[in-house]
Amino acid sequence: MLGATGQIGRAAVRALSGDGWEVTAASLGGGRDDAWDGGVRTVALDREEEGALSAALGDGCDVLVDTVAFGPGHAAQLTGLSGRAGSAVVISSGAVYEDDRGRSFDTQGEPDGFPGYPVPIPESQTTVAPGDETYGTRKIALERELLAAGDALPVTLLRAGAIHGEHCRSPRELYFVKRLLDGRRRRVLAYGGESRFHPVHVSNLAELIRLAALAPAPRVLNAGDPQAPTVAEIGAAVDDVLGLATETVLVAGAPPEGGIGGTPWSGAHPVVYDMAAAGRELGYRPVTGYAQSLPRTVEWLAGRLDGRDWRQAFPKMVRTYGETLFDYAAEDAWLERHDRTT
């Protein structure tokens with residue numbers, strides 16, 4: 001298991017170990033999750049070090065799970081292990097999809113750049129061109145190189161949705177949890193609160209990894225929860241977990257000035273993945289749903305925020321969404337103007 005102490009790796013190690021696999025958990029620091037079975041072997045591994053992965057593999061393995069692969073370089077690294085690894089399960093992303101007009105996650109900041117995907121998105125949907133420019137182009141380059149290996153190294157590629165749960169470095173739920181903990185009782189949501197960005201709880205992703213390990217084949221599958229709630233439904237679910245009530249101010253269309261009402265889920269069109277193939281090919285049945293999994297996520301977030309600045313607790317959120325994610329002064333000024341005109 002590569003990336004074993006990351007969010008996906010922690011859950012996948014638990015799932016595989018619980019299913020009877022002898023798991024070697026590899027990470028940069030060689031650490032261990034307290035929830036892992038005592039039989040899990042840990043190893044410190046820097047995959048970028050020449051020959052390190054090959055040496056760590058030793059005599060080989062039945063299944064290699066890679067949660068941190070990006071681009072053709074890592075694909076070549078994995079295909080170079082053909083014959084020593086029986087099969088592989090590799091995490092990809094729904095960011096590889098583009099719509100019928102060539103719009104994707106990469107174009108959302110451009111005029112009319114929001115992708116209008118079909119609902120739901122099947123694995124046969126067109127994808128961005130491979131390249132080194134963006135997260136999505138690197139992931140599709142990875143996919144194509146791995147699939148070209150065919151039966152020499154059967155690889156299941158899992159195109160993950162918006163991953164959520166404990167140990168997330170950029171938890172979208174923070175947008176609502178922090179506001180409630182800070183005493184905010186009004187929220188603004190753009191696009192009428194109807195935006196949908198299909199989530200996948202880390203335990204559901206781990207279940208897909210477990211099932212793919214049992215049924216090796218060259219394939220691409222979407223990875224998502226059983227439901228894709230709207231952003232308004234997500235906010236209401238967080239309210240319920242914390243036992244608080246929030247007034248929601250809905251804005252038709254894009255966020256107004258300063259990005260007010262924009263959230264980590266916000267988009268002009270829904271992003272919903274078709275999960276039929278995973279059910280058909282792997283017998284996938286989700287182990288949890290969004291609302292069902294939310295209390296533990298909220299508890300973990302609250303614990304991480306306790307006594308800490310959110311930028312210190314989640315520095316990746318700053319890099320991804322900017323310093324103004326919680327600009328309450330700008331929100332209050334906009335709400336005051338809104339109240340005067342309604």
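Scroll up a little and you will see the structure.
Just so we're clear, the structure is a prediction, and the values are computed from it rather than from any experiment. (Residues numbered from 1 in each chain as written. Predicted model: local features only at pLDDT ≥ 70, side-chain atom pairs only at ≥ 80, totals over all residues. Heavy atoms only, no water.)

Caption draft 1: Fine view of the environment of Thr127. Structurally, the position occupied by Thr127 is in the loop between strand 4 (85-93) and helix 4 (135-147). Given a relative accessible area of 18%, Thr127 falls into the buried group. Distance from Thr127 to Glu98, taken between C-alpha atoms, is 5.0 Å for residues 29 residues apart in sequence. The contact partners of Thr127, leaving out residues within four places of it in the chain, are Val96, Tyr97, Glu98, Ile140, Arg144 and Arg159. Within the local environment of Thr127, its side chain forms a polar contact with the side chain of Arg144, the two groups lying 3.5 Å apart. (Helix = DSSP H or I, 4+ residues; strand = E, 2+ residues; numbered from the N terminus. Buried < 20%, exposed > 50% of the residue type's maximum accessible area, 1.4 Å probe, protein only. Contact = heavy atoms within 4.5 Å. Polar contact = N/O pair within 3.5 Å; in protein donor to acceptor, adjacent residues only side chain to side chain.)

Caption draft 2: Highlighting the sheet that holds strand 4. Judged by pairing direction, the sheet is parallel, and its four strands sit side by side in the order 3-4-5-9 without closing on themselves. Looking at strand neighbours, the two that pair on one side only are strand 3 (61-66) and strand 9 (219-223), the edges of this open sheet. Strand-to-strand twist across the sheet, computed as the mean angle between neighbouring axes with direction ignored, equals 20°. Note that strand 3 and strand 4 share five bridges and pair parallel. Residue pairing for strand 4: Cys61 is matched across the bridge by Ala85. The strands touched by helix 4 are strand 4, strand 5 (155-160) and strand 9; relative to strand 4, the strand with the most contacts, the crossing angle is about 160°. (Pairing = 2+ DSSP bridges. Axes fitted to C-alpha atoms, helices over the stretch in contact; angles between N-to-C directions.)

Caption draft 3: Structural context of the packing of helix 1 (residues 7-18) against helix 6 (residues 202-214). Contact pair helix 1 / helix 6: the axes reach a minimum separation of 8 Å and the direction vectors enclose 50°. On the basis of their axis angle, the class for helix 1 and helix 6 is oblique. Regarding helix 1 and helix 6, the two cross each other, and that crossing is right-handed. Contacts between helix 1 and helix 6 involve Gln7, Ile8, Ala11, Ala12, Ala15 and Leu16 on the former and, on the latter, Val202, Leu205, Ala206, Ile209, Arg210 and Ala213. (Parallel < 35°, antiparallel > 145°, perpendicular 65-115°, else oblique. Left-handed = near helix turned anticlockwise from the far one by under 90°.)

Caption draft 4: Examining the packing of aromatic side chains more closely. In the structure shown here, the tally under the stated rule is eleven aromatic pairs. When the centroid spacing of 6.1 Å and the interplanar angle of 35° are considered together, the rings of Tyr97 and Tyr273 count as tilted. Remark: Tyr273 occurs in the loop between strand 10 (247-250) and helix 8 (276-282) and Tyr97 occurs in the loop between strand 4 and helix 4; sequence separation between them is 176 residues. For the pair Tyr97 and Tyr273, a shared accessibility class is recorded, and that class is buried. A ring pair is formed by Phe105 and Tyr117, whose centres lie 6.2 Å apart and whose planes are at 75°; its orientation type is edge-to-face. Here Phe105, found in the loop between strand 4 and helix 4, pairs with Tyr117, found in the loop between strand 4 and helix 4; they are twelve residues apart in sequence, far enough to count as distant. Taking relative accessible area as the criterion, Phe105 reaches 22% and is therefore assigned partly exposed. Here Tyr117 falls in the buried class, since its relative accessible area comes to 6%. The side chain of Lys178 reaches across the aromatic face of Phe326, ending 5.4 Å from its centre. Positioned over the ring face of Tyr175 is Arg179, at 3.9 Å from the centre of the ring. (Phe/Tyr/Trp six-rings, centres within 6.5 Å; stacked < 30°, edge-to-face > 60°. Lys NZ or Arg CZ within 6 Å of the ring centre and 35° of its normal.)

Caption draft 5: The arrangement of the nonpolar core in detail. Counting residues in each nonpolar core, the largest one holds 32 residues, and the members touching the most others are Leu174, Phe176, Trp265, Trp310 and Phe314. Secondary structure elements with two or more residues in this core: helix 5 (174-181), helix 7 (231-242), helix 9 (290-305), helix 10 (310-313) and helix 11 (315-321). The contacts of Leu174, once residues within four sequence positions are left out, are Arg179, Leu301, Leu305, Trp310, Phe314, Met317 and Phe326. Of all hydrophobic cores here, the second largest spans 31 residues; its members include Ala12, Ala25, Val63 and Ile91. (Core = buried A, V, L, I, M, F, W, Y, C linked by side-chain atoms within 4.5 Å.)

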